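Descriptive analysis of the structure
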Amino acid sequence: MLRSGLCLSRLGSVTTRSGGLSPCLDHSAARVNSTQRTKSRPNQDILQIQCKQNYTAWTNPRMPYRSIRSYQGPLKAVVFDWGGTVVDSGVMGPAITFVRIFKEEGIDITDDEARGPMGTHKRVHIQKVLQNNAVLERWLNQHGREPTDEDIDRMYHRFIPVQLEVLKDYCSMITGAAEAVKVLRNEYNLKIGSSTGWSSEIVNEIKPIAAAAGYVPDCYVAADEVPQARPLPYMVWLNAIRMDIHPLESIIKVDDTFDGIREGTSAGCWTVGVAKYGNYVAATEDQISKMNPREYERKLQHAYDVLSDAGSHYVVDSVSDLPGVVEDINQKLARGERP
């Protein structure tokens, strides 16, 4: 994020708050005798510093004022991630799938290594896991060469059928998610969108399962429908287009991963990280209920830290906490605040 204020440029000019350039204050300090510099630093390039002494900022007497539009209406939509946000507590399905497809290549990876890039397009996820130094070393020992695009493509094509096979055991709605979505729709008149690192093929499989549990978004966008998936903003923007929602500051993006939050901040909307049932606690609801309290607290705080560091405007335990967040954002919007 760029902060307003004065910034010295390398050319010796000064950028003002209005965006114009004003001349350097001390031109004599900028003049350097090239001969002396060459003698004192013969192996260094000579730095030429130029100052614009008579620059005049752009102005037009016919428009002495400029109006700035500020949205002060309520929120209009929420775009939810899928795994770890509304379904599959702990994001178990994808993690198990990644471990399995690497095993098929003769490479053992840990659960943490499998989860590292979670939230990205699954092909990109495989690529990033292979960039992990420890995983790359195992690959080199096994295959005697670095992984190629053909290797990544092969593993990605294996990911989809394996994920579909695993999905049936890890597609349950997270407790309270469907009920919270009903509140958002009925009490706050919000449209419900969705984005994911999954492909359309996987989304089409989970749609009827989620619908049977009472969760039916107004819009579905998968990672293979946009030029690039997370952390770029295209899936959120496509949700906005399909649901006819504007401006972007009237949208909340909800996610349990670092890149999912970055997707929302890149899109220009509010972001809410959900920590308890997501990728960083990495546990099913049953496992959480049986977890040692100290271990649970440590994992939960780690999840809060990661999601905060990603730039979340809010971090909460679960989707069930969203109504209070919506109330707070609506108050900020009414005051003219932006994400």
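Within the protein one finds 14 helices and eight strands. Here the protein holds 339 residues, and the buried ones make up 45% of them. Sequence separation of at least 24 residues holds for 70% of the intrachain contacts in the protein that already meet a minimum separation of 6. In the structure as shown, the protein presents an accessible area of about 18,500 Å², 49% of it carried by carbon and sulfur atoms.

Now for the sheet that holds strand S6 (residues 251-255). Reading across the sheet, the five strands line up as S5-S4-S6-S7-S8 and stay open at both edges, with parallel pairing between neighbours. Lying at the two open borders of the sheet, with one neighbouring strand each, are strand S5 (191-194) and strand S8 (314-316). Geometrically, the sheet is characterised by an average inter-axis angle of 25° between neighbouring strands, direction not taken into account. Alignment of S6 against strand S7 (residues 270-274), held across four bridges, turns out to be parallel. Within S7, the position partnered with lysine 253 by the bridge is threonine 271. Contacts from helix H10 (residues 234-243) reach strand S4 (77-80), S5 and S6, with the element oriented near 140° to S5.

Where helix H5 (residues 122-131) contacts helix H7 (residues 149-167), the two axes come as close as 9 Å, and the packing angle between them is 130°. Between H5 and H7, the angle falls in the class oblique. Regarding H5 and H7, the two cross each other, and that crossing is right-handed. Between H5 and H7, the contacting residues are Lys122, Arg123, Ile126, Gln127 and Leu130 on the first element and Asp149, Ile152, Asp153, Met155, Tyr156 and Phe159 on the second.

What follows covers the nonpolar core. Counting 60 residues, the largest nonpolar core has Phe80, Trp82, Val86, Phe102, Ile126, Tyr215 and Ile252 as its most contacted members. It is H7 that provides the largest number of residues to this core, a total of eight residues. In this structure isoleucine 126 touches Phe98, Ile101, Phe102, Ile152, Met155 and Tyr156, once residues within four positions along its chain are discounted.

What follows is about helix H8 (residues 177-188). Given 3.6 residues to a turn, an α-helix orients residues that are three or four positions apart in the same direction. In a regular helix each residue adds 1.5 Å, so 12 residues correspond to 16 Å; H8 covers 16 Å between its end C-alpha atoms and thus fits that length. Taken together, the buried positions of H8 are Ala177, Ala178, Ala180, Val181, Leu184 and Tyr188. Down the axis of H8, the buried side of the element spans an arc of 165°, and every buried residue falls inside it. Pointing more than 90 degrees away from the buried face of H8 are the exposed residues Glu179, Asn186 and Glu187. At its buried positions, H8 is contacted by S4, S5 and helix H14 (322-334). Asparagine 189 sits one or two residues past H8 and shows a positive phi near 55°.

The terminal C-alpha atoms of H14, which comprises 13 residues, lie 18 Å apart, in line with the 18 Å expected from a rise of 1.5 Å per residue. Among the structural elements, S4, H8, S6, S7 and S8 are those in contact with the buried residues of H14. Immediately beyond the C-terminal end of H14, within one or two residues, lies glycine 336, with a positive phi of roughly 85°.

Before going further, it helps to spend a moment on the confidence of the model for the protein. Predicted confidence across the protein gives a mean pLDDT of 86, with 84% of residues reaching 70 or more. Under a pLDDT of 50 for its full length, residues 1-40 has, in the predicted model, 41 contacts with residues more than four places off or in other chains. Note on residues 44-49: pLDDT under 50 across the span, and seven contacts to partners over four residues away in sequence or across chains.

This part is about the packing of aromatic side chains. Aromatic ring pairs: the centre-centre distance and the angle between the two ring planes describe each pair. The final tally for this structure, using the stated rule, is four aromatic pairs. Ring centres 5.4 Å apart and planes at 80° place the aromatic pair tryptophan 82 and tyrosine 215 in the edge-to-face group. Taken together, the residues tryptophan 82 in the loop between S4 and helix H3 (92-104) and tyrosine 215 in the loop between helix H9 (200-212) and H10 connect sequence positions 133 residues apart. Judged by centre distance (6.3 Å) and plane angle (15°), the rings of tryptophan 82 and tyrosine 220 are stacked. On the criterion of sequence distance, the pair formed by tryptophan 82 in the loop between S4 and H3 and tyrosine 220 in the loop between H9 and H10 is long-range, its members being 138 residues apart. Ring pairs connect the aromatic residues Trp82, Tyr215 and Tyr220, which therefore count as one cluster. The positively charged end of lysine 207 is found above the aromatic ring belonging to tyrosine 220, 4.3 Å away from the centroid.

This part covers unusual backbone geometry. Note that the residue after arginine 230, namely proline 231, is joined by a cis bond; omega there is 10°. Tracing the sequence through the fold places proline 231 in the loop between H9 and H10. Looking along the chain, the bond that leaves histidine 246 and enters proline 247 is cis, with omega of -5°. Checked against the element boundaries, proline 247 lands in the loop between H10 and S6.

Judged by how many residues are buried, S7 sits mostly within the fold: five of five residues are covered. On S7, burial covers both faces: Trp270, Val272 and Val274 on one face and Thr271 and Gly273 on the other are all buried. Where S7 meets S8, three bridges bridge the pair, whose relative direction is parallel. Bridging from a neighbouring strand, valine 274 pairs with valine 316 of S8.

Rules of the game
- Residues numbered from 1 in each chain as written.
- Predicted model: local features only at pLDDT ≥ 70, side-chain atom pairs only at ≥ 80, totals over all residues.
- Heavy atoms only, no water.
- Helix = DSSP H or I, 4+ residues; strand = E, 2+ residues; numbered from the N terminus.
- Buried < 20%, exposed > 50% of the residue type's maximum accessible area, 1.4 Å probe, protein only.
- Contact = heavy atoms within 4.5 Å.
- Areas by Shrake-Rupley, 256 points an atom, 1.4 Å probe, with all protein chains shown as cover.
- Pairing = 2+ DSSP bridges.
- Axes fitted to C-alpha atoms, helices over the stretch in contact; angles between N-to-C directions.
- Parallel < 35°, antiparallel > 145°, perpendicular 65-115°, else oblique.
- Left-handed = near helix turned anticlockwise from the far one by under 90°.
- Core = buried A, V, L, I, M, F, W, Y, C linked by side-chain atoms within 4.5 Å.
- Expected span 1.5 Å × (residues − 1).
- Arc of directions from axis to C-beta.
- pLDDT = per-residue confidence, 0-100.
- Phe/Tyr/Trp six-rings, centres within 6.5 Å; stacked < 30°, edge-to-face > 60°.
- Lys NZ or Arg CZ within 6 Å of the ring centre and 35° of its normal.

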